[in-house]
Number of protein chains: 2
Amino acid sequence: MGEKPRWLRPHGSPWRRGASRTIYENPWIGVTEYAVTAPTGAPATYGLVRFKNFAVAVLPLHDNGDTVLVGQHRFPLAEYSWEIPEGGGPLDADPLESARRELAEETGLQAADWREVLRAQLSNSVSDERAFGYLALGLSEAANPAGHDDTEDIRVERVPFREALAAALAGDIEDILTVAMLLKASHMAREGLLPPDLAKAMMG
Amino acid sequence: MGEKPRWLRPHGSPWRRGASRTIYENPWIGVTEYAVTAPTGAPATYGLVRFKNFAVAVLPLHDNGDTVLVGQHRFPLAEYSWEIPEGGGPLDADPLESARRELAEETGLQAADWREVLRAQLSNSVSDERAFGYLALGLSEAANPAGHDDTEDIRVERVPFREALAAALAGDIEDILTVAMLLKASHMAREGLLPPDLAKAMMG
């Protein structure tokens, strides 16, 4: 990498936090309303959704170019969603450890080679949710896969990477982390940033 | 497109909604807690963050291969964030119209050629937020750009597409819609899905 472009630097004043009141807490999120001062100096009220976990997303890549997708009904949008293995990990834990656990729990796999390829803010005007995305290479059966929780009814499918990528490009996969991770892995495969045999197998 | 792969079909039972109570409302979001029955049949409580707008994201592409980024302090993560033009549009309005408005408001530009290239769910285990992403081509100055609201203090920079893409790949841009849209546009440019002169200018 060369020097970072000059335009990337911050400009202007940050938001300032004033008084707050906690409105809601459950095991996954909290909602707090803040009196704030905007960067313009204008007073405002801000309802912040606080996440109690990081989101972790794992793109597993088998040596033959297959990936693994997880299908489930999602409550908030009342839709069925195919996604790469994803879950939440405690804010005070290494997200990589949470990613290892999610991969084992959802797919029964472990990986010899983990690569962090994404740090993302998912809805940064409303929530503080952060996501970490990993490629999981060198896959094998996990020694002792843990179980799902009692609300999870998931379907696991091993499919060619290019078929998963095509589904994301066609709009049949809408989960944004899955879309971004498939596109990033495709980019890395083309740019020579993955093992050459794997890249070849992925792109078919 | 050929036939869709068979694995894409839904499996199992959807979630069932029971009694609900509204916990919070502001102009942008609401929070409702539901008694639910999970696909496994297990009873549970679900705190849903309801969005009152669609997210719209616009990747402007000048004929010379430049794009336009917007910088601002974001309250929820207390960080400065460089993003493509983004905003919210009413659920009952055409998201394309909301995208046109956001582009004009934030950058003073209008586009002759709009292409919807992304529909996404941003945090589908907690919220019902949906996003629509557009490429804006054939750019010119907007006849009558509207103003910002009084809490917005944004910086607008016209930068080469490949420089914006590099910033996203390096992790200097973390907004997930921006990352996904830059990667998708790069993919389209390489795959011959954009006007050839534009694709050539974008990829440098």
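What you see is a predicted model, and the numbers here were worked out from it, not measured in a lab. (Residues numbered from 1 in each chain as written. Chains lettered and ligands numbered in written order. Predicted model: local features only at pLDDT ≥ 70, side-chain atom pairs only at ≥ 80, totals over all residues.)

(A) Quick peek at the interface of chain B and chain A. Taken together, the 68 residues of chain B in the interface contact 69 residues of chain A. A per-element tally of the side of chain B that touches chain A places helix α3 (residues 176–190) of chain B first, with seven residues. (Contact = placed C-beta atoms within 7 Å. Helix = DSSP H or I, 4+ residues; strand = E, 2+ residues; numbered from the N terminus.)

(B) Representation of the pairing of strand β2 (residues 29–37) of chain A within the structure. Residue and element names in this part refer to chain A. Sheet analysis places strand β1 (residues 16–25) next to β2, joined by seven bridges and oriented antiparallel. Residue pairing across strands places R16 opposite T37, the latter belonging to β2. Relative to strand β3 (residues 43–51), β2 runs antiparallel, the two being bridged by nine bridges. Within β3, the position partnered with Y34 by the bridge is Y46. Here β2 folds back onto β3, and the loop between the two strands holds five residues, one of which, G41, carries a positive phi near 95 degrees. (Pairing = 2+ DSSP bridges.)

(C) Fine view of helix α3 (residues 176–190) of chain A. All names here are of chain A. Taking 1.5 Å as the rise per residue, α3 with 15 residues should run 21 Å; its terminal C-alpha atoms sit 21 Å apart, in good agreement. Counting buried positions over the 15 residues of α3 gives twelve, a clear majority of the element. Listed in full, the buried residues belonging to α3 are I176, L177, T178, V179, A180, M181, L182, L183, K184, A185, S186 and A189. Residue G192 follows α3 closely and has a positive phi angle near 80 degrees. (Expected span 1.5 Å × (residues − 1). Buried ≥ 20, exposed ≤ 12 C-beta atoms within 10 Å, placed from the backbone.)

(D) A look at the relation of the copies chain B and chain A. Under the fitted operation, chain B is carried onto chain A by 0.0 Å of movement along the axis and a turn of 180 degrees, and the coordinates agree to an RMSD of 0.0 Å. In the structure described here, the two chain copies are related by an operation that fits a two-fold rotation axis. When C-alpha distances to the rotation axis are compared across chain B, the minimum falls at A180(B), with a value of 2.5 Å. Both copies present the same face, since 100% of the interface residues in chain B are matched by interface residues at the equivalent positions in chain A. (Least-squares fit on C-alpha atoms with pLDDT ≥ 70 in both.)

(E) Spotlight on the sheet that holds β3(A). All names here are of chain A. Overall, antiparallel pairing links the three strands, which are arranged β1-β2-β3 in an open sheet. Only two strands of the sheet have a single partner each, and these edge strands are β1 and β3. Sheet twist, expressed as the mean angle between neighbouring strand axes with direction ignored, is 25 degrees. (Axes fitted to C-alpha atoms, helices over the stretch in contact; angles between N-to-C directions.)

(F) Expanded view of the confidence of the model for chain A. Taken over all residues, the pLDDT of chain A has a mean of 95, while the share at 70 or more is 97%. Note on the complex model: pTM 0.97, ipTM 0.97. (pLDDT = per-residue confidence, 0-100.)

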